[in-house]
Amino acid sequence: MQKQKLASLGAAVGLATALTATFSAHAADSFPDKPVRIVVPYAAGGGVDIVTRLITQKMADVLKQPVIVDNRPGAATNIGMEHVARAEPDGYTLLTASNTLASNAALFPKLNFNPAKDFTPIGAIGYAPLVVVVRSDSSAKSLKDLVAQGRAQPDKLTYGSAGNGSSGHLGSELLKSEGGFKALHIPYKGGSPAVTDLLGGRLSFMSINPLEVVSHVKADKLRALAVLNPHPAKLLPDVPTAASQGLSGADATVWWGLVGPAGMPPAVVSKLNQALQAALADPAFKQRMSEIGAEITPGSASDFGHFVADETVKWTRVIREAGISAD
C-alpha cells in the first residue's frame, strides 16, 4: 500500500514537472506578448539612462512589443537591482546593469539579494574608459609624474570622485595600487562638484568618464594624463594609455549591459539577446555611442556573464585591499 502511494506520488510529481516544462516552453515560444520593462537604477538623464533609451526603440522593433524604461534610483543602485532580482523570471522585467553589479556585494555586506546569483545575464552593451585628469597648471605632465609625486609625498595628493564606491573612486584606487603610490580620497555627491573643485585647484587629480571633462581638456583647463584602458579613448584619441606608461593593470571603465532575474528560460534569454544585438548593430545607435565616447561590445549572454564574474573578482580585491566601504 505504501509503495502504491509512493508510486502515485512519483507519477503526480512527474506529471507536474512535465506540465511545467510544457508551459515554460509555450511561454518562451510566445514571448513577448506584452511590453518589456527595463529598470534603470539611476535617475533619468544620466549616462546609464541615456544608453538604455538608445537601445529600446530598436529592441522594440525586433520584439514587436514596447520596451519601457523604468527609473528606480536610490541606495547606490540597490533599490533597482533588488526590484529586478525579486521579479518573475519571465523576461518582462530587466535591469540595465553597470559597475555596481560587480562591486556592491563587497561594498554592502548586508544586501537583501546576491548580485552573483540572483541575475541572468542577457548581453553587454558597451563601455567608456576612465581618463586621469589634472589641472592644466599641475606640475604632473605625465602619469609617471603623478605616480612619482604620490610616492615622494604620500600625504600631499588628493583625488575626488562622485562618491564612495563610484567608478572613479575604484578606478583611482586601482591606479594607486598598480602605481604603488598614495593619495587621499575626497568623495562628493556627484561628479560635477568634484570636477569644479579640481578646476579650482582643491584636488590633485580625478579618474573620470572622458565625456564629463572633454570640454575642459579642449579648453586647456584640464590636462589628461592617461586612459585607464588598453585602447585610446574616442573623445581624447591623443591621450596615452596607462599601459603604454608602464601600468598595464590599471584598466577601469564604466560599462553597461542587460540582465534579468535568475532562472529565466534560455529561449527567452536568446530572444532578448537577439533583440539587443540588433540594437547594437543599428547605425544610429553606433553613431550616438561614438559621440558620447563609448565603445560597443556585442556578444552572447555567456560572454557578458563571464565579464561580470571577472569584474566582480577584480573590484572585490580592490575594495578589500583599500578598505573601502559604502558609508
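Structural data are supplied above this passage.
Just so it is clear, the model here is predicted, and its values are computed rather than measured.

*Asks:* I would appreciate a short explanation of the sheet that holds strand 10 (residues 253–261) in the present structure.
*Replies:* One key point about sheets: their strands pair by backbone hydrogen bonds, in either a parallel or an antiparallel sense. The strand order 2-1-3-10-4-11 describes an open sheet built from six strands, whose pairing is mixed. Each edge of the open sheet carries a strand with a single partner, namely strand 2 (67–71) and strand 11 (295–296).

*Asks:* What exactly am I supposed to notice about the pairing of strand 7 (residues 184–187) here?
*Replies:* The pairing of strand 6 (residues 158–161) with strand 7 spans four bridges and is classified as parallel. Following the sheet pairing, Ser-161 is matched in strand 7 by Pro-187. At this point the chain moves from strand 6, through helix 6 (residues 167–179), to the parallel strand 7, and the crossover so formed is right-handed.

*Asks:* Even after reading the chapter, I still don't get the packing of helix 6 against helix 11 (residues 301–322), so can you show me in this structure?
*Replies:* Angle between the axes and distance between the axes: these two values describe a pair of packed helices. At a minimum axis separation of 10 Å, helix 6 and helix 11 run at an interaxial angle of 75°. By the angle class used here, helix 6 and helix 11 are roughly perpendicular. Across from Leu-170, Gly-171, Glu-173, Leu-174, Ser-177 and Glu-178 in helix 6, the residues of helix 11 making contact are Trp-315, Arg-317, Val-318, Ile-319, Glu-321 and Ala-322. Residues belonging to the contact of helix 6 with helix 11 are distributed by class as follows: six nonpolar, two polar and four charged.

*Asks:* Could you clarify how one ought to interpret the packing of aromatic side chains in this entry?
*Replies:* Aromatic rings in a pair are described by how distant their centres are and how their planes are angled relative to each other. Taken as a whole and judged by the stated rule, the model has seven aromatic pairs. When the centroid spacing of 5.1 Å and the interplanar angle of 85° are considered together, the rings of Trp-255 and Phe-307 count as edge-to-face. Note that Trp-255 is positioned in strand 10 and Phe-307 in helix 11, a separation of 52 residues in sequence. Members of the aromatic cluster, connected to one another through ring pairs, are Tyr-159, Phe-181 and Phe-205. The ring of Tyr-92 carries Lys-34 above its face, with NZ or CZ at 4.7 Å from the centroid.

*Asks:* How do you make sense of empty space enclosed by the protein when you look at a structure like this?
*Replies:* If a probe as big as a water molecule is rolled over the atoms, it shows which places are left empty. Evaluated as defined, the whole model comprises one cavity of 30 Å³ or more. Taken as a whole, the largest cavity spans an internal volume of roughly 60 Å³. Lining the largest cavity, in full, are Asn-99, Ser-103, Leu-130, Ser-166, Ser-167, Leu-170, Ala-252, Thr-253 and Trp-315. Taken together, the residues that form the lining of the largest cavity break down as four nonpolar, five polar and no charged.

*Asks:* Can you help me understand the pattern of salt bridges in this one?
*Replies:* Working definition: two side chains of opposite charge can pair if their charged atoms are close together. Counting across every chain of the model gives eleven salt bridges. Across the pair Asp-49 and Arg-53 runs a salt bridge whose closest N-O atoms are separated by 3.0 Å. Taken together, the residues Asp-49 and Arg-53, both in helix 2 (residues 47–63) and four residues apart, mark about one turn of the helix. Among the charged side chains, a network of salt bridges with common partners joins Arg-37, Asp-70 and Arg-72.

*Asks:* How do you make sense of the sheet that holds strand 5 (residues 131–135) when you look at a structure like this?
*Replies:* Strand order across the open sheet formed by five strands is 7-6-8-5-9, with mixed pairing between neighbours. In this open sheet, the two strands that pair with only one neighbour each are strand 7 and strand 9 (222–227). Pairwise comparison of adjacent strand axes, ignoring direction, gives a mean angle of 30° for this sheet. The sheet contact formed by strand 5 and strand 8 (residues 205–208) spans three bridges and is antiparallel. Bridging across to strand 8, Val-131 finds its partner in Ile-208. Packed on one face of the sheet, helix 5 (residues 143–152) meets strand 5, strand 8 and strand 9 and runs near 90° to strand 9. Along the sheet face, helix 7 (residues 191–199) touches strand 5, strand 6, strand 8 and strand 9 and points at about 145° away from the line of strand 8.

Rules used throughout
- Residues numbered from 1 in each chain as written.
- Predicted model: local features only at pLDDT ≥ 70, side-chain atom pairs only at ≥ 80, totals over all residues.
- Heavy atoms only, no water.
- Pairing = 2+ DSSP bridges.
- Helix = DSSP H or I, 4+ residues; strand = E, 2+ residues; numbered from the N terminus.
- Right-handed = clockwise from strand over helix to strand, strands pointing away.
- Axes fitted to C-alpha atoms, helices over the stretch in contact; angles between N-to-C directions.
- Parallel < 35°, antiparallel > 145°, perpendicular 65-115°, else oblique.
- Contact = heavy atoms within 4.5 Å.
- Nonpolar A, V, L, I, M, F, W, Y, C, P; charged D, E, K, R; others polar.
- Phe/Tyr/Trp six-rings, centres within 6.5 Å; stacked < 30°, edge-to-face > 60°.
- Lys NZ or Arg CZ within 6 Å of the ring centre and 35° of its normal.
- 1 Å grid on protein atoms, 1.4 Å probe; cavity = no way out; pocket = protein on both sides within 12 Å on 5 of 7 lines; lining within 4 Å.
- Points joined across faces, edges and corners; volume = space filled by probe spheres on them.
- Salt bridge = Lys/Arg side-chain N within 4 Å of Asp/Glu carboxyl O.

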